[in-house]
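# Structural characterization, general
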Amino acid sequence: MGNGGVVMYMLIVIIISLLALAFAGFLTKKVLAKDVGPASMQEVANAIKVGANAFVKRQYVTIAILTVVLAVLIFGVYLALGKFGLGWRTSVSFLFGAASSAFAGIFGMWVSVRANIRTAAAATKSMSEAFLVSFRSGAVSGIVIVALSLLGIGVIYSLFSIGVNVKEVPFLIVGYGFGASFVALFAQLGGGIYTKAADVGSDLVGKVEKGIPEDDPRNPAVIADLVGDNVGDCAGRGADLFESTAAENIGAMILGVALYPVFGIKGIMFPLVVRAFGLLATIIGIMTVRLKSEDENPMTALNRGYYITSFLAAIVFYIASNWLLGKQYFWFFLAGLVGIVTSILIVLITVYYTESTYRPVRSIAKASMTGHATNIITGFGVACEATIFPVIVLSLALLASYSLGVMSRIPHGGLYATAVATMGMLATAGFVLAMDTFGPITDNAGGIASMSKADAKVRKRTDKLDAVGNTTKALTKGYAIGSAALAAFLLFSAYLDEVAKYANIKNVVVDISKVDVFVGALIGGMLIFLFSALGIKAVGRTASIIVDAVRKQWKEKKGIMKGTQKPDYAQVVDICVKASLKSMILPGVLVVAITIFVGVVLKYEAAAAFLMVATITGILMALLFNTGGGAWDNAKKLIEEGEYGGRGSEAHKAAVTGDTVGDPFKDTVGPSLHVLIKLLSTITLVLVPLFL
């Protein structure tokens, strides 16, 4: 169908993306029209907004400098190899992907810092109103991020396809995914260090030392903690899921090139078209979410919307497969169903390991009764155990989707079917991201209600929403690493396809029995541990500085604890900003430098082993960190609800220790590893000519 077909399919993708953005604008207008509450609430919300804006501005200036430097280096490398055309296209797409990812993250935070106060104000009226405001605010981020990802790829693909063979274009736009991943790594890591250093420092000095409640206005670290929810969970996660959708779409398009003799341009366009249709399913699913009564559990309403979205996603998968994938479409439709079912199973497994009603979290809470050490030991055991079932589910998904592709009797059908399964898993990404952003918005709303001394019934409503938000944040991390695991195989296959193309090799073999290849694999596993160590230590180091700063304020201003003097919130915010920005640079630069070193010195086969082992190790470590941290957090919340001695008991103190250990696990290193996995894949994709 040639370039004419590209125009038609791209128009569909771009029009649906623009319609989705218009819908997000409609939701934003509705949310911003809501009441902002009394002056006492507005004062707290403004402090959060100022702190978040200051951090993001400084963070993205730093990221922009690093991005431009790397873009120049990429162009220089290609120029030295005599590939001027490929060099400028890769550099431009890299910068475009980086800018798009940055905008996605910043916009997610922009919405959240305006939705938090409106949620708190809505909680003064009813639970239903507060729930609707917070969820629809989160939905704005989810829709915008997925739509921008599609729109960005659509635009860059359309521009680069002018005068170029359509089969070549997916290889020319891999820089877009690399740019998105590069920015997302720094955004997620920097935001994660900020939010968890503030959280850990606030908890240790407030809850443990002074025995005061969370979000107590007498704690100088409390505003920094609330700011952290926005810069880590909103800006960071927004950039994270943006790069996920971008990198995975491009990887699937590259695999579609191998099936060009069978599907033509339709196989390359299928990932974008099916994701665009999935956006429509997400919008419908979002609009169905509401509480049936004041007493309904908000999680029930969210689950109902998620299942509706998944069902609609299955329908649009059938329509897109039937339209674009020819006579054998049904096998690929089934592969898409495998991805959708996999996403549901991963979410359910994550809920089991992080919800306080189930065995894992209750076992950690019970272990807290015998001290801090038993809490840590049991929690770490649960974290290790939590890797088992996701790996089984993901393995079965890959085997099943590959087998379905083989059954189609189409050459390379097995690999393409795994790409389709990844598309199926990501079909509900917009809804899942809406649930994720819902979490920090409700957390902030609770803090605003507490610090403004709102009525007890208001705090009771925000606490209930916050508890649900804690679960949605955990399940989103499970979903994100599950989709990253499927995408890792997809992107690894795309890397081998690129090597075959540039090296003119029919079948690329990776022989791990070779010394240089084995060394590459070993370095890949080590990189994950090095990156994790740097992230965790950065949180610990910054949290210690915060604890000392808060102690000093209490010592010098005796009236703070009596309520007659106001703490210096800005001082602690500034500490977090400086420390997190300083700490995020080394891990991010090391990831890029080590990957390039392995590829340049040990060559493409060792780089493939490096990528494979780093990916597998990263998946397992991310599962451990994400789920373990979430379980520790909810074990603490279970005790705070009155079980095993309740607030202030020895068990509660032990649970707070477990929670502070789990904080950098689940909100700093774990989410950053999602991005790292994809970043490694996109770096190797972009620099294949350098590794040959």
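Described in the following lines is the structure provided in the data block. (Residues numbered from 1 in each chain as written. Predicted model: local features only at pLDDT ≥ 70, side-chain atom pairs only at ≥ 80, totals over all residues. Heavy atoms only, no water.)

## What to know about the packing of aromatic side chains
Where we set the bar: Ring geometry is summarised as follows: Phe, Tyr and Trp rings, the Trp one being its six-membered ring, pair when their centres sit within 6.5 Å, and such pairs are stacked at plane angles under 30 degrees, edge-to-face over 60 and tilted between the two. Where helices and strands are cited, they refer to DSSP runs of H or I of at least four residues and of E of at least two residues respectively, numbered from the N terminus. In this scheme, a residue with accessible area under 20% of its type's maximum is buried, one over 50% is exposed, and one in between is partly exposed, where area comes from a 1.4 Å probe on protein chains only. Charge-over-ring placement is defined geometrically: NZ (Lys) or CZ (Arg) within 6 Å of the ring centre, and within 35 degrees of the ring normal.
Going through the model one piece at a time under the given rule, you end up with 31 aromatic pairs. Judged by centre distance (5.5 Å) and plane angle (55 degrees), the rings of F135 and F431 are tilted. A residue pair is termed long-range when its members are at least 10 positions apart, and F135 in helix α4 (residues 127-160) and F431 in helix α16 (residues 429-451) qualify at 296 residues. For F135, a relative accessible area of 0% corresponds to the buried category. The class of F431 is buried, set by a relative accessible area of 0%. With a centroid separation of 6.5 Å and an interplanar angle of 15 degrees, the aromatic rings of F277 and W323 are classed as stacked. With a gap of 46 residues between them, F277 in helix α9 (residues 265-287) and W323 in helix α10 (residues 298-324) connect regions that are remote in the sequence. The exposure class of W323 is partly exposed, given its relative accessible area of 34%. Clustering of aromatic rings is evident, with ring pairs tying together F131, F135, Y306, Y307, F431 and F438. The aromatic ring of F171 is capped on one face by K501, whose charged end is 5.1 Å from the ring centroid. The positively charged end of K501 is found above the aromatic ring belonging to Y502, 4.2 Å away from the centroid.

## Here we look at the pattern of salt bridges
Applicable threshold: The rule for a salt bridge is simple: a side-chain nitrogen of Lys or Arg has to be within 4 Å of a carboxyl oxygen of Asp or Glu.
If you walk through the whole model with that rule in mind, you get 23 salt bridges. As a salt-bridge pair, E296 and R304 come within 2.9 Å of each other at their nearest N and O atoms. For E296, a relative accessible area of 13% corresponds to the buried category. Put simply, K578 and D574 hold a salt bridge, and the shortest N to O gap is 3.1 Å. A residue pair is termed a helical-turn pair when its members lie 3 or 4 positions apart in one helix, as K578 and D574 do in helix α20 (residues 569-640) at 4 residues.

## Considerations on the side chain of N634
Our working rule: Residue contacts are defined here by distance: any two heavy atoms, one from each residue, within 4.5 Å place the two residues in contact.
Within the secondary structure layout, N634 lies in helix α20. For N634, the residues in contact, after removing those within four places along its chain, are T354, E355, S356, V361, N470 and T471.

## Things to note about the side chain of T418
Of note, T418 is situated in helix α15 (residues 413-426). For T418, a relative accessible area of 2% corresponds to the buried category. Contact partners of T418, with chain neighbours within four places excluded, come to L398, S401, Y402 and F489.

## Some details on a nonpolar patch on the surface
Stated precisely, the cut-off is as follows: Residues enter patches when they are more than 30% accessible in relative terms and free of salt bridges; like-charged ones are connected within 9 Å and nonpolar ones (Val, Leu, Ile, Met, Phe, Trp, Tyr) within 5 Å. In short, Shrake-Rupley with a 1.4 Å probe defines the accessible areas, and a residue's cover is counted only from the protein chains shown.
The grouping of F311, I315, Y318, I319 and F330 at the surface amounts to a nonpolar patch, some 480 Å² of accessible area in total. One can find Y318 in helix α10. For Y318, a relative accessible area of 32% gives the class partly exposed.

## Focus: the packing of helix α2 (residues 39-80) against helix α3 (residues 84-123)
For clarity, the threshold we go by: Between N-to-C directions, angles cover 0 to 180 degrees, with each direction set by a line fitted to C-alpha atoms, over the stretch in contact for helices. Orientation categories follow fixed angle ranges, with anything under 35 degrees roughly parallel, anything over 145 roughly antiparallel, 65 to 115 roughly perpendicular, and all other angles oblique. All residues other than Ala, Val, Leu, Ile, Met, Phe, Trp, Tyr, Cys, Pro, Asp, Glu, Lys and Arg, Gly among them, are scored as polar; the first ten of these are nonpolar and the last four charged.
As a packed pair, α2 and α3 sit with axes 10 Å apart at the nearest point and diverge in direction by 175 degrees. In terms of orientation, α2 and α3 fall into the roughly antiparallel class. Residue composition of the contact of α2 with α3, grouped by class: 26 nonpolar, 8 polar and 2 charged.

## Structural notes on the environment of T684
Along the polypeptide, T684 turns up in helix α21 (residues 650-686). A relative accessible area of 1% places T684 in the buried class. Residues T684 and I308, 376 residues apart in the sequence, show an inter-C-alpha distance of 38 Å. Contact partners of T684, with chain neighbours within four places excluded, come to Y495, T595, L611 and F691.

## Re the environment of Q565
Keep this limit in mind: Polar contact is the term for a pair of N or O atoms within 3.5 Å; when the atoms are in protein, one must be able to donate a hydrogen and the other to accept it, and sequence-neighboring residues count only if both atoms are side-chain atoms.
Residue placement: Q565 occurs in the loop between α19 (559-562) and α20. Residues Q565 and R218, spaced 347 residues apart in sequence, show a C-alpha to C-alpha distance of 8.7 Å. Apart from residues no more than four positions distant in its own chain, Q565 is found in contact with K557, K558, G559 and I560. Looking at Q565, its side chain comes within polar contact range of the main-chain nitrogen of G559, at 2.9 Å.

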